[in-house]
Amino acid sequence: MSLEDIFNQPLEIVIEEKPYKIEFDHVAYATLESLIGKGIQKIYNLLLIENNLTLMDSIELVCCGLLKHNDKATIEALRTKLVEYPCFVMANNFVIISSFIKPLMPPQVKEKMQEGAKEGSKK
């Protein structure tokens, strides 16, 4: 594991009782920008502030997050499944959003969150 990956661990989404690793890195962000024609800041605002990301953009967001840990055939099959059954996007919404924003957070915020989690587990 490289130094830049210390704070960015993959999360898991579950589709039809099968787990898939999702993680955003530079490749995922760049691919997402290219596919939906919006910058990361705009996507962030639509996803978190306005709560108004389109369903197809949400599906592309998921598929881009899957790039690092899944092969193209798996991602294409999942894209088809998500278009047919968008409920899987909603069922994994919290993990998807968490995975998307985690790498965008400053390191000092991540450290404070980890400290808070440690203190909470001690109680």
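Our subject is the structure listed above.
Rules used throughout
- Residues numbered from 1 in each chain as written.
- Predicted model: local features only at pLDDT ≥ 70, side-chain atom pairs only at ≥ 80, totals over all residues.
- Heavy atoms only, no water.
- Salt bridge = Lys/Arg side-chain N within 4 Å of Asp/Glu carboxyl O.
- Helix = DSSP H or I, 4+ residues; strand = E, 2+ residues; numbered from the N terminus.
- Buried < 20%, exposed > 50% of the residue type's maximum accessible area, 1.4 Å probe, protein only.
- Core = buried A, V, L, I, M, F, W, Y, C linked by side-chain atoms within 4.5 Å.
- Contact = heavy atoms within 4.5 Å.
- Phe/Tyr/Trp six-rings, centres within 6.5 Å; stacked < 30°, edge-to-face > 60°.
- Axes fitted to C-alpha atoms, helices over the stretch in contact; angles between N-to-C directions.
- Parallel < 35°, antiparallel > 145°, perpendicular 65-115°, else oblique.
- Left-handed = near helix turned anticlockwise from the far one by under 90°.
- Nonpolar A, V, L, I, M, F, W, Y, C, P; charged D, E, K, R; others polar.

## Describing the pattern of salt bridges
Taken as a whole, this structure holds five salt bridges when the rule is applied. For the salt bridge of Glu16 with Lys81, the shortest nitrogen-to-oxygen distance reads 3.3 Å. Of this pair, Glu16 sits in the loop between strand 1 (11-15) and strand 2 (18-22) while Lys81 sits in helix 4 (residues 72-84), and the two are 65 residues apart along the sequence. Among the ionic pairs, Glu60 bridges to Arg79, the shortest N-O distance being 2.8 Å. Of this pair, Glu60 sits in helix 3 (residues 55-65) while Arg79 sits in helix 4, and the two are 19 residues apart along the sequence. According to the relative accessible area criterion, Glu60 is buried, its value standing at 13%. In this structure, a network of salt bridges that share partners links the residues Glu60, Glu76 and Arg79.

## Focus on the nonpolar core
In summary, soluble globular proteins display a tendency toward joint burial of nonpolar side chains. In terms of nonpolar packing, the biggest core is built from 28 residues, with Ile13, Phe24, Ile43, Leu61, Leu66 and Phe100 touching the most fellow members. Those elements that place two or more of their residues in this core are strand 1, strand 2, helix 1 (26-36), helix 2 (40-49), helix 3, helix 4, helix 5 (87-91) and helix 6 (93-101). In terms of residue count, helix 3 provides more of this core than any other element does, five residues in total. When neighbours within four sequence positions are excluded, Phe100 is seen to be in contact with Phe24, Tyr29, Leu32, Ile40, Ile43, Tyr44, Leu47 and Leu61.

## Considerations on the packing of aromatic side chains
Any pair of aromatic rings gets described here by the distance separating the centres and the angle formed by the planes. For the structure on display, the rule yields four aromatic pairs. A centroid spacing of 5.5 Å and a plane angle of 25° characterise the contact between Phe24 and Tyr29, whose relative ring orientation is stacked. A residue is classified by how much of its surface remains accessible, and Phe24, at 0% relative accessible area, is buried. Taken together, a centroid distance of 6.1 Å and an interplanar angle of 70° make the contact between Tyr85 and Phe88 edge-to-face. Phe88 gets classed as buried once you look at its relative accessible area, which sits at 17%. Among the aromatic residues, those joined into a ring-pair cluster are Phe24, Tyr29 and Phe100.

## A word on the packing of helix 2 against helix 6
Relative to each other, helix 2 and helix 6 sit at 150°, their axes nearing to 12 Å. If you check the angle between helix 2 and helix 6, you find them roughly antiparallel. Between helix 2 and helix 6 lies a crossing of left-handed hand. Listed contacts from helix 6 to Ile40, Ile43, Tyr44, Leu47 and Leu48 of helix 2 are Ile97, Phe100 and Ile101. Here the residues of the contact of helix 2 with helix 6 sort into eight nonpolar, no polar and no charged.

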